[in-house]
Amino acid sequence: MSKSILAKPTEQQLRWHDMELGMFCHFGMNTFCDQEWGTGTDSPEKFNPTQLDARQWVRTAKRAGFKYFILTAKHHDGFCLWPTKTTDYSVKSSPWKNGQGDVVREVADACREEGVALGLYLSPWDRHEPSYADKEAYDAFYTEQLTELLTQYGPLVELWFDGAGSEGREYDWPNIIGLIKRYQPDAMVFNMGQPTIRWVGNEDGLAPYPCWNTSSEARVSIFTSDMLTWLPETSDWVPAECDVPIRSNNWFWHPNDEDSLRPLDNLMDIYYRSVGHGTVLLLNISPDDRGLFPDIDVERVIEFGDEIRHRFDHPIAQSSGEGAELILTLPEESLIDHAILMEQISDGERIQEYVLESMKDGVWVELVQGTAIGHKKIDRFEAIRTKQLRLKLTKCIELPLIRFFAVYCTELDSK
Ligand code: FUL
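What counts, and at which threshold
- Throughout, a residue's number is its position along its own chain's written sequence, starting from 1.
- Given that the model is predicted, a residue must reach a pLDDT of at least 70 before its local features are reported, and side-chain atom pairs must reach 80 or more before they are shown or counted; all residues, however, enter totals for whole chains, interfaces and linings.
- Only hydrogens and water are set aside; all other atoms, that is, all heavy atoms of the structure, feed into the side-chain values.
- What counts as a helix is a DSSP run of H or I of at least four residues, what counts as a strand is a run of E of at least two, and both are numbered from the N terminus.
- Throughout, radius of gyration means the C-alpha value; the globule benchmark is 2.2 Å times the number of residues raised to the power 0.38.
- Relative accessible area decides the class of each residue, using a 1.4 Å probe on protein chains only: under 20% of the type maximum gives buried, over 50% gives exposed, and in between gives partly exposed.
- When DSSP finds at least two bridges between two strands, those strands are taken to pair.
- Only the stretch in contact is used when fitting a helix axis, every axis being a line fitted to C-alpha atoms; angles between N-to-C directions are given from 0 to 180 degrees.
- Roughly parallel covers angles under 35 degrees, roughly antiparallel covers those over 145, roughly perpendicular covers 65 to 115, and oblique covers all other angles.
- Two helices that cross are described as forming a left-handed crossing if the nearer one is turned anticlockwise from the farther one by less than a right angle, and a right-handed crossing if clockwise.
- Residue contacts follow a heavy-atom distance rule, with two residues in contact if any of their heavy atoms lie within 4.5 Å.
- Polar here means any residue other than Ala, Val, Leu, Ile, Met, Phe, Trp, Tyr, Cys and Pro, which are nonpolar, and Asp, Glu, Lys and Arg, which are charged; Gly is therefore polar.
- Consider each residue's heavy atoms; a residue with any of them within 4 Å of a molecule or strand counts as near.
- In the analysis that follows, any N or O atom pair within 3.5 Å is treated as a polar contact, provided that within protein one partner can donate a hydrogen and the other can accept it, and provided that, for residues neighboring in sequence, both atoms belong to side chains.
- For the area figures, the Shrake-Rupley method with a 1.4 Å probe applies, and any residue is considered shielded solely by the protein chains shown.
- Between the first and last residue of a helix there are one fewer steps than residues, each counted as 1.5 Å, and that sum is the expected span.
- UniProt positions are given in the numbering used here, feature names are shortened, and annotations may be inferred rather than shown by experiment.
- Any pair of Phe, Tyr and Trp rings, taking the six-membered ring for Trp, is counted once the centres come within 6.5 Å. Such a pair is stacked with planes under 30 degrees apart, edge-to-face with planes over 60 apart, and tilted for the rest.

> Sorry, what's going on with the overall build of the protein chain here?
What the protein chain contains, in helices and strands, is 8 helices and 14 strands. A compact globule built from 415 residues would reach a C-alpha radius of gyration of about 22 Å, and the protein chain, at 23 Å, matches this within 12%. For the C-alpha atoms alone, the extent of the protein chain along its principal axes is close to 75 × 45 × 30 Å. By residue count, 60% of the 415 residues in the protein chain fall in the buried class.

> Looking at this structure, how should I read the pairing of strand β13 (residues 377-396)?
For a regular strand, side chains alternate in direction, first toward one face of the sheet and then toward the other. Pairing analysis gives 12 bridges linking strand β10 (residues 325-343) to β13, with the strands arranged antiparallel. Residue pairing across strands places Leu328 opposite Leu389, the latter belonging to β13. Pairing geometry for strand β11 (residues 351-360) and β13, over 7 bridges, is antiparallel. From the neighbouring strand, Glu357 faces β13, where its bridge partner is Arg390.

> Would you mind showing me how to read the packing of helix α2 (residues 54-63) against helix α3 (residues 103-114) here?
Packed helices, taken two at a time, are described by the angle between their axes plus the distance between the axes. Contact pair α2 / α3: the axes reach a minimum separation of 8 Å and the direction vectors enclose 40°. In terms of orientation, α2 lies oblique with respect to α3. Here the hand of the crossing between α2 and α3 comes out right-handed. Between α2, through Ala54, Arg55, Trp57, Val58, Arg59 and Lys62, and α3, the contact on the second element is made entirely by Val103, Glu106, Val107, Asp109, Ala110, Cys111, Glu113 and Glu114. Class assignment of the residues belonging to the contact of α2 with α3 gives a composition of 7 nonpolar, no polar and 7 charged.

> What am I meant to see in unusual backbone geometry here?
Leave glycine aside and you will find that most residues have negative phi; peptide bonds, for their part, are mostly trans. Here the amide bond leading from Tyr209 into Pro210 is cis, since omega sits at 0°, within 30 degrees of zero. Within the secondary structure, Pro210 is located in the loop between β6 (198-199) and α6 (215-221). Unlike most non-glycine residues, Lys97 shows phi in positive territory, near 50°. As for its placement among the helices and strands, Lys97 is situated in the loop between β2 (68-74) and α3. Although it is not a glycine, Asp361 sits at a positive phi angle of roughly 50°.

> Sorry if this is basic, but what is going on with the site of the ligand here?
All residues adjacent to the ligand are Phe24, His26, Trp37, His75, His76, Tyr121, Trp160, Asp162, Ala164, Glu203, Asp243 and Trp251. His75 is positioned with one of its side-chain polar atoms (N or O) 2.9 Å from an oxygen atom of the ligand. Tyr121 has a polar side-chain atom sitting 3.4 Å from an oxygen atom of the ligand. Coverage of the ligand by the protein amounts to 92% of the 290 Å² it exposes when considered alone.

> It is not clear to me how α3 should be interpreted in this structure. Could you clarify?
For the α-helix, the turn length of 3.6 residues means that residues three or four positions removed from each other point alike. A rise of 1.5 Å per residue sets the reference length of α3, with its 12 residues, at 16 Å; its end C-alpha atoms lie 16 Å apart and thus fit the reference within 8%. Among the residues of α3, those classed as buried are Val103, Val104, Glu106, Val107, Ala108, Ala110, Cys111 and Glu114. If you check the start of α3, you find a side-chain oxygen 3.1 Å away from the backbone N of Val104, and it comes from Asp102.

> Explanation requested: the sheet that holds strand β8 (residues 280-284) in the structure shown.
With parallel pairing, 8 strands are arranged side by side in an open sheet as β5-β4-β3-β2-β1-β8-β7-β6. Each edge of the open sheet is held by one strand with a lone partner, namely β5 (188-190) and β6. Where β2 meets strand β3 (residues 117-122), 6 bridges bridge the pair, whose relative direction is parallel. Residue pairing for β3: Leu71 is matched across the bridge by Leu120.

> Which parts of the structure should I look at to understand the UniProt feature "domain: Glycoside hydrolase family 29 N-terminal" (unreviewed entry) in the protein chain?
The feature "domain: Glycoside hydrolase family 29 N-terminal" (unreviewed entry), as given by UniProt, occupies residues 44-306 in the numbering adopted here. Secondary structure content for residues 44-306 is 30% helix and 12% strand, and the end C-alpha separation is 39 Å.

> How should the packing of aromatic side chains be read in this particular structure?
Geometrically, a pair of aromatic rings is defined through the distance of the ring centres and the angle of the planes. Here the structure, examined in full by the defined rule, presents 27 aromatic pairs. Ring geometry for Tyr138 versus Tyr142: centroids 6.0 Å apart, planes at 35°, classification tilted. Here Tyr138 pairs with Tyr142, and both are found in helix α4 (residues 135-152), just 4 residues apart, close to one helical turn. The same class applies to Tyr138 as to Tyr142, namely buried. With 4.0 Å between their ring centres and 10° between their planes, Trp160 and Phe190 make a pair best called stacked. Separated by 30 residues along the polypeptide, Trp160 in strand β4 (residues 158-160) and Phe190 in strand β5 bring together distant segments of the chain. Trp160 gets classed as buried once you look at its relative accessible area, which sits at 5%. Grouped by ring-pair contacts, the aromatic residues Phe27, Phe32, Phe47, Trp57, Phe79, Tyr89, Trp96 and Phe293 constitute a single cluster.

Laid out in structure tokens, this is it:
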């Protein structure tokens, strides 16, 4: 094993890795205009959710097993969901609650009550704000908006910076990052400035495999042009977050769009290829124009959470340990069809290749060959009957550390 200096995650990044599931929530002017990218010219009069209930949104997230919730406080159209002092283009000019409402506050309160972490999306690209044409003026405007969000709504787990529409535009990242460090030092920074997490490079919720956690590796495997603008101080540990809407292709709610709701098996496939490849999944559900998650979306996401728990809450056997080989002995010979591996990533991503074998008639038979393990690797294979497994860590940098090694049978009826 060769010695090398390994990149390591911060405590905040470790906590973020462990959350595994986040819920994205796109809501705003677009919800009322049947559009995805408003031009910033729609009248605030249109924003009038008659039954808005942020508790319904956050309770759904919690019930389905999601650990954090990210709301679009301002999308590209510039309409703000909180009564900002920076512009009149916000909820305060809308008929909703006679201009007295604050969606960000309602979501923050619901998150606090339900014990779900809160994150906010603040689009840098702003199609409404007249000062956008003047870099310095807009930088001041944007940082003021950000400061309001950083200081008025309690702890934030993540700030989501969307590069769309901002190609070729530079914002005042040193100042933006400085504000986050000052007011929300524990928050993750998504993909821009000095990110602590990165975009996976698609909006399908799919991570490639392997999906290494370091930016140097990511630059080679999933290059996105955003990386060119990252500040030099960006740390080398920048894991990927996989974002995807539950209604394929649409981030915002649209009428008569129920057919695009992803079926459960599609969501499970996304889960295997995001969380199962060591990343975090950020699944979007959008409230409708009443201000409620539609029932069918609620049912589907709960079904999804239940299916994850059904498959993975009850390992047949589990272990942990260090060194190039780990044996897992089952209480009795059993049928298995999944394995979950987790590396002790607090000490860096040390494992580069592994082989998983099962004992059959006194001989080790190869089940899986893999590369990265990282935070989590889920392997599924045709069901086999065995009493013992062997995990061989065949290529590592320094001593390999396995936090969790477990096997499952999801064909519960045939067990
Ligand atoms: C993209 C945006 O343009 C979409 O509207 C959406 O917000 C998605 C999450 O990011 O870049």
